[in-house]
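Understanding the architecture of this molecule
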Amino acid sequence: MTARVGLLTPVVVQHPRTAAAWERDVLSGPDVGGALLAVARAADDLGYHHLTCSEHVAVPAPIAVERGATYFDPVATLSFLASATRRVRLATNVVVIGYHHPLALAKTYGTLDLLSGGRVVLGIGVGSLEEEFDLLGAEFAGRGAIADEAITALRAAWGRAVPHHEGPHFTFTDFVVEPHAPRTTVPLWIGGRTRRSLRRAVAYGTGWAPFGLGPRELTRMWNSVERPDGFDLVLQIPPLDPLGDPDGSREHLRTADAVGATAVNASLVATSAAHHLEQMAALRELAPERFEANASTT
């Protein structure tokens, strides 16, 4: 198995422990949009599988130092990047499903799927920030069961003009959703770090996107469940430095392959926006077989 390489889009999520100084500079500079478009166009041309954007609506000030406060809105951001690209997929990593009605997700991301030519990948998480749930009027205590039904309802609504679903939390019928996605299926990568999240992914999704697990624990969990054919394992790997440490970058990719990853979310060590673009090209040169299926032919 050779994992495809997706890119954790720089700037759009700035965690205090991982955000580079140049990302903070871009955010406060005069052309943040131009910097992001340059990354997106390079990803498109080089053959990166996907770009990501995460979701937090508002982070409580007392914990912002620990968790970070900068989270671009994924619908706005991915729509902006879609307008400048043709091939690269547009992945939420993740959208917190408990913050949304399933029809709202089917409408917003279905519109993006239509406008981008079917390039949306929905990474979905149950969520863990209780204060944010309370702020948005979402139920925290029962979020797991609500998420399971919401994913089922979202699948029933995706790509359908008059969707139907009946359940304890969501019921809709005889409502028209226009526009809607151009396809009736969408990749659904379920995030999490527990056995429950993996079981949820197998039951309701098309892939699992774990985080915070070591290779041994991850392998044990991954091998403990029976998975359908074509089911994705999407791993976040340590930052890659293809120019400064090509051997280490190859090893991180090989480790993901050994676990069984079908795709990785990669971040790149960089000191400036220009350096980041150079690192993107260097990674493509380092492992061309991971990019060729998505690379531009023009």
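- An unreviewed UniProt entry lists the protein under the name F420-dependent oxidoreductase, with Micromonospora echinospora as the source organism.

Some details on the overall build of the protein
- When its secondary structure is counted, the protein shows eleven helices and 13 strands.
- Its C-alpha atoms give the protein a radius of gyration of 19 Å, within 12% of the compact-globule value 19 Å for 298 residues.
- For the protein, the spread of C-alpha atoms along the three principal axes comes to 55 × 45 × 45 Å.
- Out of the 298 residues belonging to the protein, those deemed buried represent 50%.
- Contacts in the protein between residues far apart in sequence, at least 24 positions, make up 71% of those at least 6 positions apart.

So, the nonpolar core
- By size, the foremost hydrophobic cluster in this structure holds 75 residues, and its most contacted members are Y48, L122, I124, W208, M280 and L283.
- Residues within four places of L283 in sequence aside, it is in contact with V5, Y48, L240, P242, L253, L268 and F291.

Here we look at the pairing of strand β11 (residues 207–210)
- Of the two faces of β11, the one holding G207 and A209 and the one holding W208 and P210 are both buried throughout.
- Where strand β10 (residues 188–192) and β11 come together, four bridges link them in parallel fashion. Across the sheet, the residue bridging to I190 is W208, located in β11.
- The β-α-β motif built from β10, the intervening helix α8 (residues 195–204) and the parallel element β11 has right-handed crossover chirality.
- Here two bridges tie β11 to strand β12 (residues 232–236), and the two strands are oriented parallel to one another. If you follow W208 over to β12, its bridge partner there is L233.
- Traced from β11 through helix α9 (residues 215–222) to β12, the parallel crossover comes out right-handed.

Looking at the side chain of H49
- Assignment of secondary structure puts H49 in the loop between α2 (32–46) and β3 (50–53).
- With relative accessibility at 3%, the residue H49 sits in the buried group.
- In terms of polar contacts, H49 uses its side chain to reach the side chain of H50, at 2.9 Å.
- Once residues lying within four places of it in the same chain are set aside, the contact partners of H49 are R4, V5, G6, V88, R89, W189 and N294.

Brief notes about the packing of aromatic side chains
- Within the structure shown, the criterion is met by five aromatic pairs.
- Geometrically, the ring pair formed by Y48 and F291 is edge-to-face, given 4.8 Å between the ring centres and 75 degrees between the ring planes. Taken together, the positions of Y48 in the loop between α2 and β3 and F291 in the segment after α11 (273–286) put the pair 243 residues apart, joining distant regions of the chain.
- Overall, the relative accessible area of 1% leaves Y48 in the buried class.
- When its relative accessible area of 0% is taken as the criterion, F291 is described as buried.
- Aromatic pair W222 and F231: ring centres 5.9 Å apart, planes at 25 degrees, arrangement stacked. Note on accessibility: W222 and F231 belong to one class, buried.
- The structure contains a cluster of three or more aromatic residues connected by ring pairs, namely Y99, F133 and F140.
- The aromatic ring of F140 is capped on one face by R143, whose charged end is 3.9 Å from the ring centroid.
- Its end group placed over the ring of W222, R227 keeps NZ or CZ at 3.9 Å from the ring centre.

About the cut-offs
- Position labels on residues start from 1 in each chain and follow its written sequence.
- Only residues with pLDDT of at least 70 are given local features in this predicted model, and only at 80 or more are side-chain atom pairs given and counted; all residues enter the totals for whole chains, interfaces and linings.
- Side-chain metrics rest on all non-hydrogen atoms present in the structure, leaving aside hydrogens and water.
- Under the scheme used here, helices are H or I runs from DSSP no shorter than 4 residues and strands are E runs no shorter than 2 residues, and both carry numbers assigned from the N terminus.
- The reference for a compact globule is 2.2 Å times residues^0.38; the radius of gyration itself is calculated from the C-alpha atoms.
- Throughout, exposure labels follow a simple rule: accessible area from a 1.4 Å probe, protein chains only, divided by the maximum for the residue type, with under 20% read as buried, over 50% as exposed, and the rest as partly exposed.
- Here, two residues are considered to be in contact whenever any of their heavy atoms come within 4.5 Å of each other.
- Here, the term nonpolar core denotes a set of buried Ala, Val, Leu, Ile, Met, Phe, Trp, Tyr and Cys residues that are joined through side-chain atoms within 4.5 Å.
- Note on pairing: DSSP must find at least two bridges between two strands before they are called paired.
- Handedness rule for crossovers: strands pointing away from the viewer, path from the first strand over the helix to the second running clockwise, crossover right-handed.
- Distance and chemistry together define a polar contact, namely a pair of N or O atoms within 3.5 Å, with one atom able to donate a hydrogen and the other to accept it when in protein, and with adjacent residues in sequence counting only for side-chain atoms on both sides.
- Aromatic pairs are defined between Phe, Tyr and Trp rings, using the six-membered ring for Trp, whenever the two ring centres lie within 6.5 Å; interplanar angles under 30 degrees are classed as stacked, those over 60 as edge-to-face, and all others as tilted.
- We call a charge positioned over a ring when the NZ of a Lys or the CZ of an Arg lies within 6 Å of the ring centre and within 35 degrees of the ring normal.

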